[in-house]
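Chain by chain, the residues:
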Amino acid sequence: MISSKLQDAINEQINKELYSEYLYFSMAAYLERIGLPGFSIFMRVQAQEEHAHAVKFYDYLLERQGKIVLKAIDAPEVDFESPQEIFEKTYEHEQYVTGLINNLMTISIKENDYAAQSFLKWFIDEQVEEEASMDKVLAQLKLVSDDGKGMYLLDKELGTRVFTPPV
Ligand SMILES: [Fe+2]
Ligand SMILES: [Fe+2]
């Protein structure tokens, strides 16, 4: 059975993952609205990934005989300035989430919960990927800058992203 401290922290993390889903889903709508359907697909897939993260924590907590306590999800922003602003915010948000995952690991170390440490390792690795993939798009956006043809091609490329459920 999991400690109540870790249980509370995982419930909080489920809420943060669902908020991430909400935020990226809102960004996807903005990107579609400004005529970038490929960027929108990329963000929709990102939102699906965040939902899958929430489910992963949810299933784990149940497996450890914990209690799921779902809380209200904050409303995400609706209006953004540019695709670049979106990816700057996304990169920052992923760094914030990395901090949350690290904090969960710190709790599980303090509690001598080796099973939780083993489980959390997947998320530690996942966050490295998340930060890198957002930083990559941000770098591409800076490269393309205001070039319409470049944006068109980048939109096409990002639109090829497909969701693969995490294992
Ligand atoms: Fe996540
Ligand atoms: Fe993420």
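Residues numbered from 1 in each chain as written. Chains lettered and ligands numbered in written order. Predicted model: local features only at pLDDT ≥ 70, side-chain atom pairs only at ≥ 80, totals over all residues. Heavy atoms only, no water.

A.B. asks: Hey, could you go over the coordination of the iron ion (ligand 2) for me, with residue numbers and the actual values?
C.D. replies: Bound to the iron ion (ligand 2) on the protein side are Glu50 (OE), Glu94 (OE), Glu94 (OE) and Glu130 (OE), at distances that span 1.9 to 2.6 Å. Separation of the iron ion (ligand 2) from the iron ion (ligand 1) amounts to 3.3 Å, with Glu50 serving as a shared donor to the pair. With a gap of 36 residues between them, Glu94 in helix 3 (residues 83–110) and Glu130 in helix 4 (residues 114–144) connect regions that are remote in the sequence. Among the residues examined, Glu94 registers a relative accessible area of 1% and is labelled buried. (Donors = N, O, S within 2.8 Å, 3.2 Å for Na, K, Ca; no water. Helix = DSSP H or I, 4+ residues; strand = E, 2+ residues; numbered from the N terminus. Buried < 20%, exposed > 50% of the residue type's maximum accessible area, 1.4 Å probe, protein only.)

A.B. asks: Residue-level account of the coordination of the iron ion (ligand 1), with values.
C.D. replies: Geometrically, a metal with four donors at the corners of a regular tetrahedron has ideal angles of 109.5 degrees, and one with six donors at the corners of a regular octahedron has ideal angles of 90 or 180 degrees. For the iron ion (ligand 1), the full set of protein donor atoms is Glu17 (OE), Glu50 (OE) and His53 (ND1), at a range of 2.1 Å. By relative accessible area, which is 0% here, Glu17 ends up buried.

A.B. asks: Provide a residue-level description of the packing of helix 2 (residues 37–63) against helix 3, including the pertinent values.
C.D. replies: Helix 3 packs onto helix 2 with a crossing angle of 15 degrees between their chain directions and a minimal axis gap of 13 Å. Considering their axes alone, helix 2 and helix 3 lie roughly parallel with respect to each other. The handedness of the crossing between helix 2 and helix 3 is left-handed. Within the contact between the two elements, helix 2 uses Phe39, Phe42, Met43, Gln46, Glu50 and Phe57 and helix 3 uses Pro83, Ile86, Phe87, Thr90, Glu94, Ile101 and Leu104. Looking at side-chain class alone, the contact of helix 2 with helix 3 contains nine nonpolar, two polar and two charged residues. (Axes fitted to C-alpha atoms, helices over the stretch in contact; angles between N-to-C directions. Parallel < 35°, antiparallel > 145°, perpendicular 65-115°, else oblique. Left-handed = near helix turned anticlockwise from the far one by under 90°. Contact = heavy atoms within 4.5 Å. Nonpolar A, V, L, I, M, F, W, Y, C, P; charged D, E, K, R; others polar.)

A.B. asks: A description of the environment of Gln65 should follow, citing residues and the corresponding values.
C.D. replies: Its place among the elements puts Gln65 in the loop between helix 2 and helix 3. With a relative accessible area of 51%, Gln65 lands in the exposed category. Separated by 64 residues in the primary sequence, Gln65 and Met1 place their C-alpha atoms 5.6 Å from one another. Separated by 3.2 Å, the side chain of Gln65 and the backbone oxygen of Glu63 make a polar contact. (Polar contact = N/O pair within 3.5 Å; in protein donor to acceptor, adjacent residues only side chain to side chain.)

A.B. asks: Before we move on, could you go through the pattern of salt bridges and cite the residues and values that matter?
C.D. replies: A side chain of one charge can pair with a side chain of the opposite charge when the charged atoms of the two come close. For the coordinates displayed, the defined rule picks out eight salt bridges. The salt bridge involving Asp79 is made with Arg33; its shortest N-O contact spans 3.7 Å. Here the residue Asp79 occupies a position in the loop between helix 2 and helix 3, and Arg33 occupies one in helix 1 (residues 4–33), the gap between them amounting to 46 residues. Of the two residues, Asp79 and Arg33, both sit in the exposed class. (Salt bridge = Lys/Arg side-chain N within 4 Å of Asp/Glu carboxyl O.)

A.B. asks: Which residues make up the side chain of His53, and what values do they have?
C.D. replies: Along the chain, the position of His53 falls in helix 2. Ignoring sequence-local partners within four residues, the contact set of His53 consists of Glu17, Trp122, Phe123, Glu126 and Glu130.

A.B. asks: Can you tell me about the packing of aromatic side chains, naming the residues and giving the values?
C.D. replies: Under the criterion given, the structure shown has eight aromatic pairs. Seen in terms of ring centroids, Tyr30 and Phe80 are 5.5 Å apart; in terms of plane orientation they differ by 65 degrees. Their pairing is edge-to-face. Of this pair, Tyr30 sits in helix 1 while Phe80 sits in the loop between helix 2 and helix 3; the two residues are 50 residues apart in sequence, bridging distant segments of the chain. Exposure class is identical for Tyr30 and Phe80. Each is buried. An aromatic cluster is defined as three or more aromatic residues linked by ring pairs; in this entry it consists of Phe57, Tyr60, Phe119, Trp122 and Phe123. Between Lys56 and the ring centre of Trp122, over which it is positioned, the NZ or CZ distance is 4.3 Å. (Phe/Tyr/Trp six-rings, centres within 6.5 Å; stacked < 30°, edge-to-face > 60°. Lys NZ or Arg CZ within 6 Å of the ring centre and 35° of its normal.)

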